[in-house]
Amino acid sequence: MDARTLNTTCPLDCPDSCILEVERSNGSITKIAAGRDHPDTDGFICSKVSRFAQRLEHPDRLLHPMRRTGAKGPRGSWQAQFEPIGWDDAIAEITGRFQAIAAKWGGEAILPYSYGGSNGLITDSFVDELYFAKLGASQLAKTICAAPTGAVALGMYGKMPGVAFPDFERAAAIVVWGANPRASNTHLIPVLQRAKQRGAFVATVDPIHQLSRDLVDLHLPLLPGTDLVVALSMINVWRERGLLDTAFLEAHTTGAEALLQRASAWSVERAAAEAGVPAADIERLATVYADASPAVIRCGWGPERNRNGGHAIAAILAMPALLGKFGLRGGGYTLSNKAAASFDRDTLLQMPPRTTRTINMTQLGSVLIRRLDPPINGMFVYNCNPAATVPDQNAVLRGLERDDLFTVVFDQVVTDTARYADILLPATTFLEHHDVRVSYGSYVVGGVRPVMPAMGEARSNQDVFAALGRAMGFEDVAFTWDGETAFDQAVGTLSLHGAPADGVTLRRGHVQRYDFPGETPVQFESVHPRTPDGKVHLTPDALGSIAYEYKPVTSPEYPLAMISPATSKLISSTLGEFNLESFRVLMHSDDARARQIADGDRVRVFNERGEVVCLARVRDTIRRGVVCIPKGAWRKASSNGQTATALCPADVSDVGGGACFNDARVEIERESGVVTE
């Protein structure tokens, strides 16, 4: 019996980046639990990660390279549509096909398609990026998440590190705007509870009441897309009452005039009518936040998921600057803290300049269906599952069905996308390879190390892209590295707020903390804006020529706004093979009653792009006029093989080119017959 416990870091897409203790016995993972020596893990982890071992031995786990033998798409069992091949054959076939495509149409006819929210420095945009750069492939604009927020945060504050989660406990007022810590960032919940016990005012801004009612003093359930006007109306309240910190604005900001001019058009009453919330609640939030010290805003990624998203994020992030809420521990804002670390990948890998075209990943369906010049005739999909996660799902599926599209899918399990592959490659999970995780929430960098041998013939991203590079004849030294060498190289190039990374700590699977000085920063004391002039740009260039412009979304034919937020079951679409077998559409009782729908009824959610057939969940936790289908659900989880993305437009915002998931407008009707439970 080889029982032992090893440490590693969770790299999955969550701000917490927990340290884990993984128990292994007789070659199998028997337990995944919370590790120690982490500022936020605090003795518990989410149920998603505690159950992650189920992925390792799931029937859909990919263990060998496979070649397609049947038709593309979900017809019958996947085993009947693929046959095993060896790694040498798989590498040779991919290399030969890519060489032939590049010879006929040029390298831009090859599209790498990935998104690395659940990956570290080595398994995303590392040697894979070098490989596709050397191929001359099309570049991918990674816009599914965080593109507008990233552009705005860079332009306004230079991605200044934010308030650490433990310091929220010191705040007198906490505003959680467009984030759901129950689904992601679960370790913020006990901090909010302790802050509440100390007398803090806690407000949430979200179409769904996600947190327990005894924890939240004020819930503002905005209509999706109206975050901008509510934020502007709050700013206007402070302008009219003379509450702005003019000394701070003069010394530390630019662009306040344009923002305040836009805000002046939005009275509380006008914003309340547009957002569908009581004017008194907006005014109360504005008043309490202005009066409280310290006060902190936890800004999530929910407000960016619509056409007004980038402008909304800018207005929200401007709030602490307008009132001078910085300089105190527990005061300021938190968005993403990843930029507290720096990593010079391009110098390390000697990346060649990229001059090829860039394709927005949100518009994959139209890109594959339309005949671009050159067309996309080869695609390499990894670190993501676009058949389940990309807007305009039906267009995406039609594109993936093309027989002339040579598609490689490199994944841990047979996803919805994998069923459209010509070649399937088995990937290791984070329990089976080396990586370095820079947290975007907690102030830690964690070492990810193999706590078990790779199952079957699964290989890491480093090993696969190094092999592909060698097969192409690329002589860059990075294509000779194995996983451990890549780990050492990455760690040697990484710094934590100017301090070198500790390779010994990270190799042991532990986390390294920062020193600002002290483990947590204070904005405008130990950390400052990283803009070229050191100031906050309240009207950043990323907002374009008409900053803070509000664009309403209306659809008389489809009156319900649909959102698709994260859930406690999935990390994007990861774990969909077992952890969300079916889903329901959440709707308010008034909306259900008007359509003669009862809880548990089988319903059809539809618009001009598609339809989703599932059961209804009728609850008053969601506001009227809004319905919710979970983010990342697999096609098998609905009755008709379509999910939320079938209803989402592939439109992109004018800030960062971000996906506009929450601009979806739908109608719901009861199907004949009632399903009761």
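Model, not experiment: these values are computed from the prediction.

Visitor: Help me understand the packing of aromatic side chains in this model?
Guide: Any two aromatic rings considered together are summarised by their centre-to-centre distance and by the angle between their planes. Following the criterion strictly, the structure yields 30 aromatic pairs and no others. Ring plane angle 55° and centroid distance 4.9 Å describe the contact between phenylalanine 52 and phenylalanine 430, whose orientation is recorded as tilted. Note that phenylalanine 52 is positioned in the loop between helix H1 (47–50) and helix H2 (53–56) and phenylalanine 430 in the loop between strand E18 (423–426) and strand E19 (435–438), a separation of 378 residues in sequence. Taken individually, phenylalanine 52 and phenylalanine 430 each receive the classification buried, so the pair is uniform in this respect. With a centroid separation of 6.3 Å and an interplanar angle of 70°, the aromatic rings of phenylalanine 410 and phenylalanine 465 are classed as edge-to-face. Of this pair, phenylalanine 410 sits in strand E17 (residues 406–411) while phenylalanine 465 sits in helix H17 (residues 461–471); the two residues are 55 residues apart in sequence, bridging distant segments of the chain. Residues phenylalanine 410 and phenylalanine 465 agree in their burial class; the two are buried. Across the ring face of tyrosine 289, the terminal group of lysine 325 is positioned such that the distance to the ring centre comes to 5.4 Å. When the ring centre of phenylalanine 606 is taken as reference, the NZ or CZ atom of arginine 604 above it lies at 3.9 Å.

Visitor: It is not clear to me how the sheet that holds strand E2 (residues 19–25) should be interpreted in this structure. Could you clarify?
Guide: Hydrogen bonds between backbone atoms are what pair the strands of a sheet, whose relative direction is either parallel or antiparallel. As summarised here, the arrangement of the 3 strands in space is E1-E2-E3, forming an open sheet in which the pairing is antiparallel. Of all the strands in the sheet, just strand E1 (4–9) and strand E3 (28–34) have a single pairing partner and so form its edges. Taking each pair of neighbouring strands and ignoring which way they run, the sheet shows an average axis angle of 30°. Pairing between E1 and E2: 6 bridges, direction antiparallel. By the bridge assignment for E2, threonine 8 is matched with leucine 20.

Visitor: What is the right way to look at the sheet that holds strand E21 (residues 494–496) in this model?
Guide: Taken in spatial order, the 3 strands of this open sheet run E14-E21-E22, and their pairing is antiparallel. Either end of the sheet is taken by a strand with one partner, and the two such strands are strand E14 (341–343) and strand E22 (499–500). Two strands pair when backbone bridges link them, and E21 and E22 are joined in this way by 2 bridges, in the antiparallel orientation. Within E22, the residue paired with leucine 496 across the bridge is alanine 499. In the packing of helix H18 (residues 483–493) onto the sheet, the strands contacted are E14 and E21, and the crossing angle to E21 comes to about 45°.

Visitor: Teacher, can you tell me more about helix H6 (residues 188–197) here?
Guide: The α-helix winds at 3.6 residues per turn, so residues separated by three or four positions along the chain end up facing the same way. Listed as buried for H6 are Leu188, Ile189, Pro190, Val191, Leu192 and Ala195. Structurally, H6 contributes buried residues whose contacts are with strand E8 (173–177) and strand E12 (295–299).

Visitor: What is the right way to look at the pairing of E18 in this model?
Guide: Every other side chain in a regular strand lies on the same face of the sheet, so the side chains alternate between the two faces. Side chains Ile423 and Leu425 of E18 all project onto a buried face; the interleaved residues Leu424 and Pro426 project onto the opposite face, where all are buried too. As paired strands, strand E4 (residues 66–68) and E18 are joined by 2 bridges and run antiparallel to one another. Directly across from methionine 66, in E18, lies its bridge partner leucine 424. Here E17 pairs with E18 via 4 bridges, running parallel. Across the sheet, valine 408 pairs through a bridge with isoleucine 423, a residue of E18.

Visitor: So what exactly am I meant to see when it comes to the pairing of E2 here?
Guide: With respect to burial, E2 is a largely interior element, 6 of its 7 residues being buried. Two successive antiparallel strands, E2 and E3, enclose a turn made up of 2 residues, where asparagine 26 displays a positive phi of approximately 55°.

Visitor: Sorry if this is basic, but what is going on with the packing of helix H7 (residues 227–241) against helix H9 (residues 256–263) here?
Guide: The description of two packed helices rests on the angle between their axes and on the distance between the axes. With their axes 8 Å apart at the nearest point, H7 and H9 run at an angle of 105° to one another. Here H7 is positioned roughly perpendicular relative to H9, judged by the angle of their axes. For the pair formed by H7 and H9, the contact residues are Leu232, Ile235, Asn236 and Arg239 on the first element and Leu259, Leu260, Arg262 and Ala263 on the second. Tallied by class, residues from the contact of H7 with H9 come to 5 nonpolar, 1 polar and 2 charged.

What counts and how
Residues numbered from 1 in each chain as written. Predicted model: local features only at pLDDT ≥ 70, side-chain atom pairs only at ≥ 80, totals over all residues. Heavy atoms only, no water. Phe/Tyr/Trp six-rings, centres within 6.5 Å; stacked < 30°, edge-to-face > 60°. Helix = DSSP H or I, 4+ residues; strand = E, 2+ residues; numbered from the N terminus. Buried < 20%, exposed > 50% of the residue type's maximum accessible area, 1.4 Å probe, protein only. Lys NZ or Arg CZ within 6 Å of the ring centre and 35° of its normal. Pairing = 2+ DSSP bridges. Axes fitted to C-alpha atoms, helices over the stretch in contact; angles between N-to-C directions. Contact = heavy atoms within 4.5 Å. Parallel < 35°, antiparallel > 145°, perpendicular 65-115°, else oblique. Nonpolar A, V, L, I, M, F, W, Y, C, P; charged D, E, K, R; others polar.

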